[in-house]
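Results of the structural survey
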Amino acid sequence: SHYYLYFDRPELYRDLALDAAQRTSLEADRAQFGKTVEAFHVYLDAWLGRLVARLPDDTGIMIVSDHGFSAVADEHRPGGHEEAPPGILVMAGPGVRPGRIEGASLYDVFPTLAAALGLPLSRQLPGHPLAAAFVPGLLDPAKIPTVATYETGERDMPRVAPPAELGAEIEKQLRSLGYIK
């Protein structure tokens with residue numbers, strides 16, 4: 001969305017300070033890039049569907065975005081997040097209550113995930129578990145164990161491998177971006 005928001009939602013740019021040359025430049029590329037954001041959402045949705053299909057039925061899922069996007073008067077990078085709406089947190093699975101949670105912040109994501117997994121929460125964390133996101137009684141903040149800090153000097157490296165076909169696709173994409181030779 002940093003680069004393609006204009007092509008997806010040109011009406012957002014109606015009142016922005018883009019001069020005629022900038023608008024002409026953007027419009028020249030609209031036919032080519034007009035469906036880019038939508039196509040990427042379809043692509044992500046397909047991958048999420050494949051991932052969810054492989055998970056046991058008792059698995060919870062969290063999808064997080066750290067920010068939304070807003071129109072910016074810059075023809076080379078017309079999507080920004082300085083004035084954008086906040087990100088989203090979508091949760092699904094056993095014990096997750098349907099509906100909206102108001103007042104949550106990005107800082108609440110990790111404490112919610114950790115508490116849902118039964119892990120103790122560091123008292124240093126700025127956020128809190130979103131107990132209201134779960135059915136009543138499932139996540140009682142008063143019963144969540146705490147620790148003073150997570151900093152113990154040792155690092156735990158999880159040993160979880162992605163499914164073979166997912167790993168191969170990720171490797172292919174990283175190679176195409178030049179991160180792996």
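The rules behind each value
- Residues numbered from 1 in each chain as written.
- Predicted model: local features only at pLDDT ≥ 70, side-chain atom pairs only at ≥ 80, totals over all residues.
- Heavy atoms only, no water.
- Helix = DSSP H or I, 4+ residues; strand = E, 2+ residues; numbered from the N terminus.
- Rg over C-alpha atoms; globule rule 2.2 N^0.38 Å.
- Patch = residues over 30% accessible without salt bridge, like charges linked within 9 Å, V, L, I, M, F, W, Y side chains within 5 Å.
- Areas by Shrake-Rupley, 256 points an atom, 1.4 Å probe, with all protein chains shown as cover.
- Salt bridge = Lys/Arg side-chain N within 4 Å of Asp/Glu carboxyl O.
- Buried < 20%, exposed > 50% of the residue type's maximum accessible area, 1.4 Å probe, protein only.
- Phe/Tyr/Trp six-rings, centres within 6.5 Å; stacked < 30°, edge-to-face > 60°.
- Lys NZ or Arg CZ within 6 Å of the ring centre and 35° of its normal.
- Expected span 1.5 Å × (residues − 1).
- Polar contact = N/O pair within 3.5 Å; in protein donor to acceptor, adjacent residues only side chain to side chain.
- pLDDT = per-residue confidence, 0-100.
- Core = buried A, V, L, I, M, F, W, Y, C linked by side-chain atoms within 4.5 Å.
- Contact = heavy atoms within 4.5 Å.

**Considering the overall build of the protein chain**
Along the protein chain, the regular secondary structure elements total five helices and six strands. The N-to-C order of helical and strand elements in the protein chain reads α-α-α-β-β-β-β-α-β-β-α. In terms of overall dimensions, the protein chain is more spread out than a globule: its C-alpha atoms have a radius of gyration of 21 Å, far above the 16 Å expected for 181 residues. Taking the principal axes of the C-alpha coordinates as reference, the protein chain spans close to 60 × 40 × 35 Å.

**A few points about a nonpolar patch on the surface**
A contiguous nonpolar patch, built from Phe-40, Tyr-43 and Leu-44 and spanning about 270 Å² of accessible area, is present on the exposed surface. Positionally, Phe-40 belongs in helix α3 (residues 36–54).

**Comments concerning helix α4 (residues 109–116)**
Listed in full, the buried residues belonging to α4 are Val-109, Pro-111, Thr-112, Ala-114 and Ala-115. After α4 finishes, the residue Gly-118 shows a positive phi value of roughly 80°.

**Points about the pattern of salt bridges**
On inspection of all chains with the given rule, the structure shows four salt bridges. Here Glu-11 ties to Arg-9 by a salt bridge, and the two come within 2.8 Å at their closest N and O atoms. The exposure class assigned to Glu-11 is partly exposed, which follows from its relative accessible area of 38%. Take Arg-9: its relative accessible area is 36%, and that puts it in the partly exposed class.

**Some thoughts on the packing of aromatic side chains**
Counted under the stated rule, the structure contains seven aromatic pairs. Residues Tyr-6 and Phe-7 carry aromatic rings whose centres are separated by 5.7 Å and whose planes lie at 90° to one another, so their mutual orientation is edge-to-face. Residue Tyr-6 is classed as buried on the basis of its relative accessible area of 4%. Plain terms: the ring middles of Tyr-6 and Tyr-13 are 4.9 Å apart, the flat faces sit at 65° to each other, and that makes the pair edge-to-face. Note on accessibility: Tyr-6 and Tyr-13 belong to one class, buried. A cation sits over an aromatic face here: Arg-50 above Trp-47, 4.2 Å from the ring centre.

**Focus: helix α2 (residues 20–33)**
Its 14 residues place the ends of α2 20 Å apart at the C-alpha level, agreeing with the 20 Å of an ideal helix rising 1.5 Å per residue. Two or three places before Ala-21, at the start of α2, stands the capping residue Asp-19, its side-chain oxygen 3.1 Å from that residue's backbone nitrogen.

**Observations concerning the confidence of the model for the protein chain**
Considering every residue of the protein chain, the mean pLDDT works out to 87; 97% of them sit at 70 or more. When pLDDT is averaged over each element of the protein chain, α3 comes out on top at 94 and helix α5 (residues 164–176) at the bottom at 78.

**Details of the nonpolar core**
Core analysis: the largest hydrophobic core is formed by ten residues, namely Met-91, Val-96, Ala-114, Ala-115, Leu-121, Leu-130, Ala-133, Phe-134, Leu-139 and Ile-144. Leu-139 has contacts with Ala-115, Ala-116, Pro-129, Leu-130, Ala-131, Phe-134 and Ile-144, leaving out every residue within four places of it along the chain. Leu-5, Phe-7, Tyr-13 and Leu-26 belong to the second-largest nonpolar core, a separate cluster that totals six residues.

**Overview of the environment of Leu-18**
Along the polypeptide, Leu-18 turns up in the loop between α1 (5–8) and α2. Accessibility expressed as a relative area gives 9% for Leu-18, which makes it buried. In this structure, the C-alpha to C-alpha distance between Leu-18 and Glu-75, residues 57 residues apart in sequence, is 7.8 Å. With residues up to four places along the chain from it excluded, the contact list for Leu-18 reads Tyr-13, Arg-23, Leu-26, Ala-73, Asp-74 and Glu-75.

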